[in-house]
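Structural features, examined
Below are the chains, spelled out letter by letter.
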Amino acid sequence: MRAMVFEGPGRPLAVTEIAPPTPGEGQLLIQVSACAVCRTDLHIVDGELPEPKSALVPGHEIVGVVVQQGAGADRFAVGDRVGVPWLGWTCGVCTFCRSGRENLCDRARFTGYQLDGGFAEFAVADHRYCFALPAEYPDVEAAPLLCAGLIGYRALRAAGDAKRIGLFGFGAAAHIIAQVALHEGRAIYAFTRPGDAATAAFARGLGAIWTGGSDAAPPEPLDAALIFAPVGALVPAALRAVAKGGTVVCAGIHMSDIPSFPYAELWGERVVRSVANLTRRDAEEFLALAPRVPVRTKTSAYPLERANEALGDLRHGRLEGAAVLVP
Ligand SMILES: [Zn+2]
Ligand SMILES: [Zn+2]
């Protein structure tokens, strides 16, 4: 099968012909229909995440069709459409797994990082971590729900019942979660790169009540801010934008260092927290909610072989919404 293979930091993914994977016990063999591209893929390609699998096939927002069941992999039948997210396996017995926090499992394995992912014609996945997808979404439009949507959803839940929400970095995750937040009666304030008029217009088109550069102050103090851009300097900026008691949620897996800032900016019971990975419960909740909003995903499709171009467009902010690879 054709696959895009990660051969080392700083090197483009290589178009490679490799043997299709064989589904082991509890695994499904999936013919990939679409796989979205996430900023985490960029962090892996750039060597910012430690110890990826060698000769890794990245990609953790997989939509595909089951073509073979390994022993005991009976949650889905041959011919079913499934989605495969970032969370690929957890131990089930550690303190985190047993307290509803499998996203924090010390032994968790992740799709497209420690496990081969979906930048290929076929992938295998543990059937317990695969999900049925809402029928309303074509394959390409469903793909970004699986990380941009899920992580965005977890970040929004971490903001509690905040009414006025700032989104820093208006890419794939923000454009999805803005729609969910508006559906829930919240107001969205979109912070973009200073001078990025196209992204500001995109955010306004989705219903943002205000847009501005990440160096600007919102017209009124916010109740929460979600940071999707991997820029540590946005943490103190977001703290300055939230009111007393407000929460700043860092939603990315990697961020540049956070500069020091005066304690006064945290004072007033402001909270800074991260969200890490996802639980299967997040996926079930979000995939049920998305078609009710209904969330519409904006996508740009690329042939699988043009994965490097898709990564480059993501890196340089040349995308509206999400890039999706189609084998
Ligand atoms: Zn992701
Ligand atoms: Zn565990």
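Preceding block: the structure.
Below: a short report on this structure.

What counts and what doesn't
Residues numbered from 1 in each chain as written. Chains lettered and ligands numbered in written order. Predicted model: local features only at pLDDT ≥ 70, side-chain atom pairs only at ≥ 80, totals over all residues. Heavy atoms only, no water. Axes fitted to C-alpha atoms, helices over the stretch in contact; angles between N-to-C directions. Helix = DSSP H or I, 4+ residues; strand = E, 2+ residues; numbered from the N terminus. Parallel < 35°, antiparallel > 145°, perpendicular 65-115°, else oblique. Left-handed = near helix turned anticlockwise from the far one by under 90°. Contact = heavy atoms within 4.5 Å. Donors = N, O, S within 2.8 Å, 3.2 Å for Na, K, Ca; no water. Buried < 20%, exposed > 50% of the residue type's maximum accessible area, 1.4 Å probe, protein only. Pairing = 2+ DSSP bridges. Tetrahedral: all angles 85-135°; square planar, octahedral: opposite > 155°, others 65-115°. Phe/Tyr/Trp six-rings, centres within 6.5 Å; stacked < 30°, edge-to-face > 60°.

Comments concerning the packing of helix α3 (residues 148-158) against helix α4 (residues 172-183)
In the contact formed by α3 and α4, the axes pass within 8 Å of each other and the chain directions differ by 55°. Classified by the angle their axes make, α3 and α4 are oblique. Crossing of α3 against α4: the hand is right-handed. Across the interface between the two elements, Ala148, Gly149, Gly152, Tyr153 and Leu156 of α3 pack against Ala172, Ala173, Ile176, Ile177, Val180 and Ala181 of α4.

What about the coordination of the zinc ion (ligand 1)?
Here the zinc ion (ligand 1) is held by Cys38 (SG), His60 (NE2) and Cys147 (SG), and the distances to it run 2.0 to 2.2 Å. All donors of the zinc ion (ligand 1) belong to a single chain; written as a sequence motif, their spacing is C-x21-H-x86-C. With His60 in the loop between α1 (39-45) and β4 (62-69) and Cys147 in the loop between α2 (139-142) and α3, this pair connects stretches of sequence that are 87 residues apart. Of the two residues, His60 and Cys147, both sit in the buried class.

Structural notes on the sheet that holds strand β9 (residues 164-168)
In any sheet, the strands associate via hydrogen bonds between backbone groups, in a parallel or an antiparallel arrangement. What the six strands build is an open sheet, ordered β11-β10-β9-β12-β13-β14; its pairing is parallel. Looking at which strands have only one partner, the edges of the open sheet turn out to be β11 (210-213) and β14 (271-274). The average undirected angle you get between the axes of adjacent strands in this sheet is 20°. Inspection of the sheet shows strand β13 (residues 242-250) paired to β14 by four bridges, in the parallel sense. Within β14, the position partnered with Thr247 by the bridge is Val271. Strands β9, β12 (222-227), β13 and β14 of the sheet are contacted by α3, whose axis makes an angle of about 155° with β13. On top of the sheet, helix α6 (residues 234-241) reaches β9, β10 (187-192), β12, β13 and β14; it is set at about 150° to β13, its chief contact.

Some points on the coordination of the zinc ion (ligand 2)
Ligation of the zinc ion (ligand 2) by protein atoms is provided by Cys91 (SG), Cys94 (SG), Cys97 (SG) and Cys105 (SG), these donors lying 2.3 Å from the ion. Each of the four donor atoms bound to the zinc ion (ligand 2) contributes to angles spanning 105 to 116°, and the resulting shape is tetrahedral. Donor residues binding the zinc ion (ligand 2) come from one chain and are separated in sequence as C-x2-C-x2-C-x7-C. Overall, Cys91 belongs to the buried group, its relative accessible area being 14%. For Cys94, a relative accessible area of 16% gives the class buried.

A short note on the packing of aromatic side chains
This model, assessed by the stated rule, comprises eight aromatic pairs. When the ring of Trp86 is compared with that of Phe110, the centres are 4.8 Å apart and the planes differ by 15°; the resulting orientation is stacked. Of this pair, Trp86 sits in the loop between β5 (81-84) and β6 (87-89) while Phe110 is found in strand β7 (residues 109-110), placing the two residues 24 residues apart along the sequence. Among the aromatic residues, ring-to-ring pairing joins Phe168, Tyr189, Phe191 and Trp210 into one connected group.

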